[in-house]
Amino acid sequence: MTTEKQYRVIGTRPVRPDGVDKVTGRAVYGADVTLPRMIHGKILRSPHAHARIRGIDTREAERYPGVLAVVTAEDLPDVDVVLAVGEGGDVNMRDASHNIMASGKVLYQGHAVAAVAAVSPHVALEALKRIKVDYEPLPPVLDVRKAMAADAPLLHEDLFTDTMGQRSEHPSNIASHLIAEEGDIEQGFREASVVVEREFVTHTVHQGYIEPHAAVAEWRDDGQLTIWCSTQGAFSVREQVAQILKHPISQVKVVPTEIGGGFGGKISVYLEPVAALLSRKAGRPVKMVMDRAEVLAATGPTPGTYMKVKVGADAQGNITAAHAYLAFEAGAYPGSPIGAGCTTVFAPYRLKNVRIDGFDVLVNKPKSNAYRAPGATQAEFAAEVVMDEICEKLGMDPLEFRRKNGAKEGDWRPFGPPYTRIGAIECVEAAQASEHWKTPLVKEAGSSRRRGRGVASGYWMNWGGTSSCTGRLNPDGTVALLEGSTDIGGTRASIAMQFAEAFGIAYERVRPQVVDTDTVGYNDVTGGSRVTFGTGYAAYALAKQMQREIAAKLAAIWEVDPESVTVEGDRYSAGDKSVNLVEAANLISEQGQQVVTSVTTTPHNRSGAFATHIVDVEVDVETGKVEILRYTAVQDVGKAIHPSYVEGQMQGGVAQGIGWALNEEYIYDENGSLRNASLLDYRMPTALDIPMIETILVEVFNPDHPYGVRGVGEVPIVPPPAAISNAIYDAVGVRMTTLPISPARLCAEIMAKNSARA
Amino acid sequence: MHAIQYAAPRTLQDALEILQEYGAKARILAGGTDLIVQAGTGARSVDVIVDGKRIPELMHLAFDPADGLTIGAAVPCCRIYEDPQISRRYPGLADAVSIIGGMAIQGRASVGGNLCNASPAADSVPALIAYRATALIVGPKGEREVPVERFCTAPGRTVLGEDELLLSLHLPTPPPRSGAAYLRFIPRNEMDIAEVGVGVSLTLDEQGTISGARIALAAVAPTPLFVPEAGDSLAGSAPTEESFRRAAQIARDASRPINDIRGTIEHRKHLVGVLTRRALERALERARQAG
Amino acid sequence: MVSASGSTLGELIESLDSQYPGLKARLVEGERLRSGLAVFVNGIQIPSRLNARIAADADIYFSPAIAGG
Ligand SMILES: Cc1cc2nc3c(=O)[nH]c(=O)nc-3n(C[C@H](O)[C@H](O)[C@H](O)COP(=O)(O)OP(=O)(O)OC[C@H]3O[C@@H](n4cnc5c(N)ncnc54)[C@H](O)[C@@H]3O)c2cc1C
């Protein structure tokens, strides 16, 4: 490990700049934006999961008093097939266009077919009832395995399977088949003394961000389009809207509002282009806000899956071979996070013989989208449950097994160069040393309750991406720091802290703001755990660049060689001349000059984040209900810039992972109608369902970042389902291989086990 | 556009007149935690909302050892469990009203509304049945009384005529050596609708033998389900694990659940058995404490 | 792991294609690298362009482009 540097700002826990506004209700979110003359848009959605649209008659809605515009797919331009690598999967812009307004066919219940703008939301809703859509219902395909069958109804007659660049002969619902292979698995399984193979099923799960999607669009007569919206990436919205509407990108300005959660679900546009079209037609600003049912039924959840994992190990507990078959539901258009599933499935392990097959499969459900470590939670759930069973068969301690087989720098990984410096093993060791692991668990808890402990590891890769920042030195020596990265998890604080550290000033003297796309340089989306890493990197570069500019300007004033100006904290000196930042700012401004500096950086980030979690559960064996008693999350965070926010990310990820493990799922009927499109019946955990989550921060320096930062936001959602399933096994002796492990599912397994024994 | 009228009568008479004028298009508003939600989603179409909270009789809550407990139809749940005397005398009712929704909901939601909404999953109804509660109904032709187990007729439907309203609920004073309990199963720890609910009451004689018991179920039939034969099976028996299991089995056999998003038939039937036994155990404990 | 020569990505793929006929078709679409493909040179991802210059002795990885959330 590198020697610990002494930091002034990094590692402290200052108050976040956006905190007061948020807790006092002053912060402006998507639905809070109001413009003069603004009207309201609503979307008509398909009641069918799969149907051909024979015709749409909007005449009566257009005549309805108070209606100012009606649009359908006919109003959208024909979009080119541009494949953009998006968060969690590839985005074909033509598909994206059809997803926001169905063209020819509806492919899931909730698919948008028309939109109305009117003087009030109520009038718009009444007008929607007057739009007549003539549907020819088609049989829906709702299950990934059925969709893969040769005789399955096809969602797209022109879709063929791409197997590593080769196209299938016949059209299929399988959009792609990825293969990653190393060594010889046949040989590896022959060398094994224990082999475990299991099948897994998981269901569609939503990110569950509390703020529904909202957008306001104003299309002026001169073609200038401004969009206010809640998004993870204003520049991405600008690009998507420009492409979908075939409008010059220079004429689109996106103003990001505060965001009430996204977790990957607020990257794709849904409302923005529709609001823009309605605004163009109506000649007035248009606001659109989804309700909760629309959010659940018609945005981008993370896919359900069918998976099969087989692992072999020798008698000493070395993994000899591993095979994963992962089939992910893309939803209505290609682009599930199958690639990421393949990359992460066995990531915590050093493997010599491995094969991974991944399938991206279309079904009549909403187009899936990124959700915190997209694809990894499903894939690693399967792998980590199998690893637990291997340990059981070998009689081996599951953490010792993970330490022994842990991946290290230089080890193979699928779809990428070998690992760089990573902290997989360090996390396992920290878990072994934890209070939690060392405290024995009493298994009996009354006549109908049993307790168990489980562990699981997880991995999520890091992404660098492009970030830009602008800094302006104010006369009082403070710095206005303009950013373009949506702040979801406290990044205004973590970026300002890195800037303050590098610039030699106090954190309180930095004023970070997230600004619109015309005001700051390009920024990739807030996603891929990248902002504290990537935008922090840009802020560091900005600080250094501003110091050089200040030094150069002072050198000109002092008539000395710029090289001779030294910087020590906020003090600039050359020979007998020495000024602090306030004095420097004034000297420079007396010359009629200002320090306004912009940088754009695209750092490599070859690292990744590993985590190991420990959980104790209590199972009511008579009802199948699981209580989480204690939870410890250990994670390699590189360097915790603001430890509270790192802990918050870890706790939040675990909370979502617990929901996924125990109760969250989309429930469809046989026609493909979503039955639980409300937060009453789509059961996310409440405060009473989750204990205080203990965190252990492991800091293995990331050589790709000046302060050693790793992305921390995503990996904590990965281990919980497997850890909980393993703990349940420890408690009651049944292997739960379907998510969620709802009381009904667990109770049925426990009863089956009891009657088999009787 | 659909506009809704709001009326806040101050007397029972005024309220009844509005009901007579608008019939099925008018609905009484108590806490509104069902009505407003249903009107918002279009699940119930309403033209006139008649707020009952200004009518004194509907907000009346009183206990008297001789007469028992009277709960005005619009009294919010929190007033019941915050009253120490009532929650001590009617712990089975307190069980139910303190788990409806969360604290914010309990500040508004009424037992009357819970009953009139006629959801098969309503939490307070099995407890009311276990306590032999009766519903006092008023209409243009005067008052009538209906046992709570006969109040709901189908999901969302009750014995109330279009021109009638629920005035109050009446629970007799529990006999000595009696106890009651309500248990509900939900997948999370709050904010869920019952997958199964079981309300029970039992009374012991001086020797400690069960002299009578009542068992009612939630979420396993189109209406809250009273299972008299389950309670009757306990009369004359000692309160043992075996007699409780037998009663639980009868309750389980009587239940007629469906598969829906909140539970499966198998799990629900199984839970009826488990919860009935556990509720009986808790009621027994309370009966023994009551002395 | 295979060895191939070329000073640009395009030349490298030509050389690979002569060793493994058909490979080019899987990596290249028209005049461009297939979309959704990532290229790593010595562990670092480079822009996916056929004219990207490649140093001698470099380790090259082709992989499906995988994004985050
Ligand atoms: C977030 C949330 C959580 C909930 N959780 C639960 C729960 O855990 N358990 C549960 O059982 N329920 C739950 N509910 C449902 C609801 O809160 C209860 O049913 C509540 O008791 C209804 O009472 P209310 O006073 O709000 O009724 P209202 O909504 O005012 O009325 C309900 C119905 O009864 C009619 N009505 C009311 N009073 C009279 C009267 N005097 N005469 C004639 N008709 C009348 C109304 O017209 C309406 O149709 C929940 C609701 C919400 C929103």
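Residues numbered from 1 in each chain as written. Chains lettered and ligands numbered in written order. Predicted model: local features only at pLDDT ≥ 70, side-chain atom pairs only at ≥ 80, totals over all residues. Heavy atoms only, no water.

Enquirer: Could you give an account of the arrangement of the chains, naming the residues involved and the relevant values?
Expert: By contact count, the leading pair among the two pairs of chains in contact is chains A and B. Separating chain B from chain C is a minimum C-alpha gap of 28 Å, and the two share no contact. (Contact = heavy atoms within 4.5 Å.)

Enquirer: An account of the nonpolar core is requested, with residue identities and associated values reported.
Expert: Core analysis: the biggest nonpolar cluster contains 103 residues, and A:Leu326, A:Phe346 and A:Ile728 have the highest contact counts within it. The element contributing the most residues to this core is helix α11 (residues 376–394) of chain A, with 10 residues. Not counting the four nearest positions on each side in its chain, A:Ile728 is found in contact with A:Val617, A:Val619, A:Val626, A:Gly733, A:Val734, A:Met736, A:Ile741 and A:Leu746. Counting 51 residues, the second largest nonpolar core, distinct from the first, contains B:Ala74, B:Val75, B:Cys116 and B:Val138. (Core = buried A, V, L, I, M, F, W, Y, C linked by side-chain atoms within 4.5 Å. Buried < 20%, exposed > 50% of the residue type's maximum accessible area, 1.4 Å probe, protein only. Helix = DSSP H or I, 4+ residues; strand = E, 2+ residues; numbered from the N terminus.)

Enquirer: So, the site of the ligand: which residues are in play, and what are the values?
Expert: Residues and elements named next belong to chain B. Surveying the vicinity of the ligand reveals 30 residues, the closest of which are Ile28, Thr33, Asp34, Ser110 and Asp123. Here serine 110 contributes a side-chain N or O atom positioned 2.6 Å from an oxygen atom of the ligand. For the ligand, a nitrogen atom lies 2.9 Å from a polar atom in the backbone of leucine 166. A total of 980 Å² of accessible area belongs to the ligand in isolation, and the protein chains cover 91% of it. Those elements that place two or more of their residues in the shell around the ligand are β2 (26–29), α7 (111–116) and β10 (165–171). Partitioning the shell around the ligand into residue classes produces 15 nonpolar, eight polar and seven charged. (Near = heavy atom within 4 Å. Polar contact = N/O pair within 3.5 Å; in protein donor to acceptor, adjacent residues only side chain to side chain. Areas by Shrake-Rupley, 256 points an atom, 1.4 Å probe, with all protein chains shown as cover. Nonpolar A, V, L, I, M, F, W, Y, C, P; charged D, E, K, R; others polar.)

Enquirer: Could you give me a rundown of the pattern of salt bridges, with the residues and numbers involved?
Expert: Applying the stated criterion to the full structure yields 61 salt bridges over all chains. When the shortest N-O distance is used, the salt bridge between A:Arg421 and A:Glu426 registers 3.0 Å. Among the residues examined, A:Arg421 registers a relative accessible area of 28% and is labelled partly exposed. The salt bridge partner of B:Asp260 is B:Arg268, with a shortest N-O separation of 3.1 Å. Look at B:Asp260 and you get partly exposed, because its relative accessible area is 35%. Each of A:Arg449, A:Arg451, A:Glu618, A:Asp620, A:Glu622, B:Arg277, B:Arg278 and B:Glu281 takes part in a single network of salt bridges with overlapping partners. (Salt bridge = Lys/Arg side-chain N within 4 Å of Asp/Glu carboxyl O.)

Enquirer: How would you explain the environment of B:Ala133 if you had to name every residue and give the values?
Expert: In this structure, B:Ala133 sits in the loop between α8 (124–130) and β6 (134–139). Among residues more than four places away in sequence, those in contact with B:Ala133 are B:Leu128, B:Pro147, B:Val148, B:Glu149, B:His170 and B:Leu171.

Enquirer: Got a sec to walk through the packing of aromatic side chains? Specific residues and values, please.
Expert: Residue and element names in this part refer to chain A. Considering all chains together, one arrives at 17 aromatic pairs over all chains under this definition. Their ring planes at 50 degrees and their centres at 6.2 Å tell us that tyrosine 349 and phenylalanine 401 sit as a pair that is tilted. One end of the pair, tyrosine 349, is in the loop between α10 (338–344) and β19 (354–362); the other, phenylalanine 401, is in helix α12 (residues 398–404), and 52 residues separate them in sequence. Its relative accessible area of 0% is what places phenylalanine 401 among the buried residues. On the basis of an interplanar angle of 90 degrees and a centroid distance of 5.8 Å, the ring pair of tyrosine 666 and tyrosine 682 is categorised as edge-to-face. Placement of the pair is tyrosine 666 in the loop between α18 (643–662) and β30 (693–698) and tyrosine 682 in the loop between α18 and β30, with a sequence separation of 16 residues. Across this residue pair, the class does not change: tyrosine 666 and tyrosine 682 are buried. Here a set of aromatic residues connected by ring pairs shows up, and it is made of Tyr7, Tyr540 and Tyr707. The ring of tryptophan 219 carries the charged tip of arginine 280 above its face, separated from the ring centre by 4.9 Å. A cation over an aromatic ring shows up here: lysine 308 above the ring of tyrosine 325, its NZ or CZ 5.5 Å from the ring centre. (Phe/Tyr/Trp six-rings, centres within 6.5 Å; stacked < 30°, edge-to-face > 60°. Lys NZ or Arg CZ within 6 Å of the ring centre and 35° of its normal.)

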